[in-house]
Amino acid sequence: MVSRAVPFAARLRLLVLHRKLLRECWHMKGQLLSIALVVATGIMTVVTMRGSYEALVDAQQRYYNQMRFADVWSSLRRAPDAVLEQIERIPGVALADVRVSLLATLDLEGVDAPAQGRFVSLPETGRPVLNDLLLTRGRLVAPGAPDEVVISEKFALARGLQPGDTLRAIINGRARTLEVVGMAISPEHSYAVPPGSLLPEDERYGILWMGRRALGPAYDMDGAFNEAFVKLAPGANELEVIARLNEVLAPYGGFGAYPRRDQASHMMLQGELDQNRVMGTAMPAIFLGVAVFLLHLVLGRLITTQRGEIAVLKAFGYRDWEVGRHFLQFAVLAVLLGAAIGTVGGWYLGGAYIGIYRQYFDLPGLEYRLSPALLLLALGVSVAGACSGALGAVRKAVALPPAEAMRPEPPARFEPGPFERLGLGRLLPSAGRMILRNVERKPLQAFFSSLGVAFSTAILIIGLFMYDGVLHMIDLQFRQIQREDITVSFLQNVSGAARHELARLEGVTRVETYRIAPARLRHGHYSRETAIQGMEPDGELRRIVTAGGRVQRLPAEGLVLSRILAERLHVQVGDVLSVEMLEGRRQTTSAPVVGIIDDFLGVSAYMALPALHRLSGEEDVISGAYLGVISAQQQTLYRELKQVPAVAGVASPVSMLASFEREMASNIFISVGFLVGFASVIAVGVIYNGARIALSERGRELASLRVMGFHRREVAVLLLGEQGLVTLFAIPLGGVIGYALAWLMVSSLQTDTFRIPYVITAQTFLSAALVTVLAAALSALAVRRRLDSMDLISVLKTRE
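Residues numbered from 1 in each chain as written. Predicted model: local features only at pLDDT ≥ 70, side-chain atom pairs only at ≥ 80, totals over all residues. Heavy atoms only, no water.

S.K.: What's the story with the overall build of the chain in this structure? I'm lost.
M.R.: The secondary structure content of the chain amounts to 23 helices and 22 strands. Going through the 800 residues of the chain one by one, you find that 52% of them count as buried. Here the chain displays about 35,000 Å² of accessible surface, and carbon together with sulfur accounts for 59% of that area. (Helix = DSSP H or I, 4+ residues; strand = E, 2+ residues; numbered from the N terminus. Buried < 20%, exposed > 50% of the residue type's maximum accessible area, 1.4 Å probe, protein only. Areas by Shrake-Rupley, 256 points an atom, 1.4 Å probe, with all protein chains shown as cover.)

S.K.: Help me understand the environment of Leu 451, please; the structure alone is not making it clear to me.
M.R.: Of note, Leu 451 is situated in helix 14 (residues 443–481). Classification of Leu 451 by relative accessible area gives buried; the value is 14%. For the pair Leu 451 and Phe 729, spaced 278 residues apart in sequence, the C-alpha separation works out to 8.9 Å. Ignoring sequence-local partners within four residues, the contact set of Leu 451 consists of Phe 293, Leu 733 and Ile 737. (Contact = heavy atoms within 4.5 Å.)

S.K.: Would you explain the packing of aromatic side chains in this entry?
M.R.: How two aromatic rings sit relative to each other is given by the distance of their centres and the angle of their planes. The final tally for this structure, using the stated rule, is four aromatic pairs. Plain terms: the ring middles of Tyr 64 and Phe 69 are 4.3 Å apart, the flat faces sit at 40 degrees to each other, and that makes the pair tilted. Neither Tyr 64 nor Phe 69 differs from the other in exposure class; each is buried. For the ring pair Tyr 514 and Tyr 626, a centre distance of 4.7 Å and an interplane angle of 25 degrees mean the geometry is stacked. Separated by 112 residues along the polypeptide, Tyr 514 in strand 13 (residues 508–523) and Tyr 626 in strand 21 (residues 621–629) bring together distant segments of the chain. (Phe/Tyr/Trp six-rings, centres within 6.5 Å; stacked < 30°, edge-to-face > 60°.)

S.K.: Explain helix 6 (residues 238–249) here, please?
M.R.: Each α-helix turn comprises 3.6 residues. Residues three or four places apart therefore point the same way. Relative to the 16 Å expected for twelve residues at 1.5 Å per residue, helix 6 spans 16 Å between its end C-alpha atoms, a close match to the ideal helical length. Buried-residue contacts for helix 6 involve strand 1 (72–80), helix 3 (83–88), strand 2 (93–99), strand 10 (224–232), strand 11 (258–259) and strand 13. A distance of 3.0 Å separates the backbone nitrogen of Leu 239 from a side-chain oxygen at the start of helix 6, and that oxygen is part of Asn 237. (Expected span 1.5 Å × (residues − 1). Polar contact = N/O pair within 3.5 Å; in protein donor to acceptor, adjacent residues only side chain to side chain.)

S.K.: Whenever I open this one, the packing of helix 14 against helix 22 (residues 762–788) confuses me. Can you help?
M.R.: Helix 22 packs onto helix 14 with a crossing angle of 140 degrees between their chain directions and a minimal axis gap of 9 Å. Overall, the two elements helix 14 and helix 22 adopt an arrangement that is oblique. Note that helix 14 runs across helix 22; the crossing there is right-handed. Together, Val 453, Thr 457, Leu 460, Ile 461, Leu 464, Phe 465 and Asp 468 of helix 14 and Thr 764, Phe 765, Ser 767, Ala 768, Val 771 and Thr 772 of helix 22 make up the contact between the two elements. Residue classes in the contact of helix 14 with helix 22 are distributed as eight nonpolar, four polar and one charged. (Axes fitted to C-alpha atoms, helices over the stretch in contact; angles between N-to-C directions. Parallel < 35°, antiparallel > 145°, perpendicular 65-115°, else oblique. Left-handed = near helix turned anticlockwise from the far one by under 90°. Nonpolar A, V, L, I, M, F, W, Y, C, P; charged D, E, K, R; others polar.)

S.K.: So what exactly am I meant to see when it comes to the pairing of strand 9 (residues 205–211) here?
M.R.: Regular strands place their side chains on alternate faces of the sheet. Of all seven residues in strand 9, seven are buried, a share of seventy percent or more. As defined by bridge partners, strand 4 (residues 115–122) adjoins strand 9 across seven bridges and the pair is classed as parallel. Counterpart to Ser 121 in the pairing with strand 9 is Met 210. Relative to strand 9, strand 6 (residues 148–152) runs antiparallel, the two being bridged by three bridges. Within the sheet, the bridge partner assigned to Val 149 lies in strand 9 and is Met 210. (Pairing = 2+ DSSP bridges.)

S.K.: How should I be thinking about unusual backbone geometry in this particular structure?
M.R.: One can expect most non-glycine residues to show negative phi and most peptide bonds to be in trans. Despite not being glycine, Arg 68 shows a phi value in the positive range, around 55 degrees. Summarising the element assignment, Arg 68 is placed in the loop between helix 2 (29–67) and strand 1. A relative accessible area of 29% places Arg 68 in the partly exposed class. One non-glycine residue, Asn 131, lies in the positive phi region at around 55 degrees.

S.K.: Help me understand the sheet that holds strand 2, please; the structure alone is not making it clear to me.
M.R.: Consider a sheet: its strands pair through backbone hydrogen bonds, and that pairing is either parallel or antiparallel. Sheet architecture is open: four strands sit in the order 2-10-1-11, paired in antiparallel fashion. Edge positions in the sheet fall to strand 2 and strand 11, since each of these pairs with one other strand and no more. Note that strand 1 and strand 10 share six bridges and pair antiparallel. If you follow Ala 79 over to strand 10, its bridge partner there is Phe 225. Contacts from helix 6 reach strand 1, strand 2, strand 10 and strand 11, with the element oriented near 10 degrees to strand 1.

S.K.: I tried to follow the side chain of His 189 on my own but got confused; where do I start?
M.R.: With respect to the element layout, His 189 can be found in the loop between strand 8 (174–185) and strand 9. Those residues in contact with His 189, other than ones at most four positions away along the chain, are Arg 118, Val 120, Ile 207, Trp 209, Ser 265 and Asp 362.

S.K.: In this structure, what is going on with empty space enclosed by the protein? I would like to understand it.
M.R.: Any space left empty among the atoms is revealed by the rolling of a water-sized probe across them. Under the counting rule described, the total for this entry stands at eight cavities of 30 Å³ or more. Each pocket or cavity is described by its volume, and for the largest cavity that value is around 100 Å³. For the largest cavity, the lining is made up of 14 residues, of which Ser 152, Lys 154, His 189, Ala 192 and Asp 202 are closest to its centre. Considering each element in turn, the lining of the largest cavity owes the most residues, three residues, to strand 9. A class-by-class count of the residues in the lining of the largest cavity yields seven nonpolar, four polar and three charged. (1 Å grid on protein atoms, 1.4 Å probe; cavity = no way out; pocket = protein on both sides within 12 Å on 5 of 7 lines; lining within 4 Å. Points joined across faces, edges and corners; volume = space filled by probe spheres on them.)

S.K.: I tried to follow a nonpolar patch on the surface on my own but got confused; where do I start?
M.R.: On the surface, Leu 444, Phe 447, Phe 448 and Phe 729 cluster together into a nonpolar patch covering about 390 Å² of accessible area. Considering each element in turn, the nonpolar patch owes the most residues, three residues, to helix 14. Within the secondary structure, Phe 448 sits in helix 14. (Patch = residues over 30% accessible without salt bridge, like charges linked within 9 Å, V, L, I, M, F, W, Y side chains within 5 Å. Salt bridge = Lys/Arg side-chain N within 4 Å of Asp/Glu carboxyl O.)

So this is what it looks like as structure tokens:
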């Protein structure tokens, strides 16, 4: 508000500037809106992606703390409950708990394939010390109740089960009818994946919590446990606690303790969070950076076209700071309009983005919340970019004497450009030479205009390349690596003779067995607990295929490691690893690294099956088999396998692929559509503003040509041809920038669970170029309408 002490003349000058600002905003409403939309995309990306990441992290930490999520786990064969006291005495352990956990077959109606349940014991009284569960419906099991269970919420919803319903389970070879008394979620099973699968299969895999007194005897664990976990005290050394826990549990068949980062559900969630952190930092930084750059560029050129108005204001006695404030208000108004659009759009998209994660992860209290600090940061950066562009142009204009500034800006150079000096200009028609000359006389302006459009093309490539990468990974995993029809996994290792029984089943055409052997790999002071996958060396149903599509055959001896595991252990081909087997005879021996492969899923170690048997010192034992099956008899085979007590589960790569494509396709399309939409807004904003500003800059020239007899189409060619040339140069430049940014993003998204391949197809580049060309065409249509309605008399008037 203007103070009453301010003289009337000063208030009048201020009122005149405000009225001028309103008139200019209305006159340039198209440009104002396009600038605001560019700002909105930058702010919307920050608010949506970074805000979603912060919401996910906050929900994860609150959930983990509320449920007392453990820091270290260990599975074992069997240990008496008295061993819990030894675990509690380990230095660095704040809390410890033990339980019974097992896989069992579920006999579900309408499901031919064997369904699985992960049974987890609950204390008879009170709540679990660690890894508690959160009831969503019903109640916990009653003390001593032999047949009551609480089931995971997603499994219940997928099967249509309610408290009071019953289901049938085969526990340790004995059938039992269980009553559902409640539904719950747990941080241990936020992402519940059955053995042998890559994705959750909620219709045939669930978590079932049962009383310890009922579950223990059913699995020969009365007074014993087969799983232990601990919470670390503040400042405790995790590695030392793991080493001591392994010592305590080794006599009882311990499979090796592992930290929270290797817990299956947390690993998947943390992998998503890590990728979201990179995407939520890199993408908003790119979008906001591009928006600020374009804001600086567009406002600078826009205000340069008003040097005449600036001179008139100075001639009427307006001081430099008053003129500067006036044009800064225009810039800030555009930013505030963009901020309003970006905030509302970001809040809406953030909620939709969080909704995608709710489909996969059980995180109570996961709600999108708009962060005022984040919004202020994005707004501050945008205002700074707008003000820098506006001030630079105003400073240049106010430095001129009013009489000189009122004249149109003269061309910087009149000599022929490099193309004409080379004689190439003769190859072009007169209109083409005029377009080329105007570009050559302002090379920096043309370059930065092209750079602005190039960034929009680059953003399109970043969005589309992720789709390329996922499609490449799907093809590699499900069509080249997993070529079996069915994967069968057993509850525990069985004799290799089981391959002959499987081969005799109706419809089976080929059987290839495998073994999963938990082991601790060491190289110097680096170590890693993993599972060595023993495969038949001449297998055709399941193969090892590198990222480049090359089939890696397993040699007779030695380990083949995924590159990410090799990097964790700091090994190369030819190095020798110490291998401590964590099952069977638990012997320690050594094996050379004979191959390192680039893959995209998990942390893998492979070995020929006979070599793994020799390494472990055991006879021919297997964990499961890959089957080739006649498709017409697959359902019959499912029903037969369902009756085999030793079978823990059956997975079909075809079903996994259908589920993966169904779930991932929709989410990827949402993300790609999000990026394509934003990039299109930026492209339209830059090209439209560039053409409108060029129209203002060359208005007298174009009007003179019309008066001299040039047709509207010819004049439009001169103006829009320059914008077309800028766009043409921007597309390959955007391709280079997009390829570089995509490589940086791939390098940042390398996690133990999932790695996006660096694959960019020609179709992606062509699609990005097409969207850019369409944006240019729409902008050209809008400017052409403006050009056709231009008042020649008012344009040709010259202020004296």
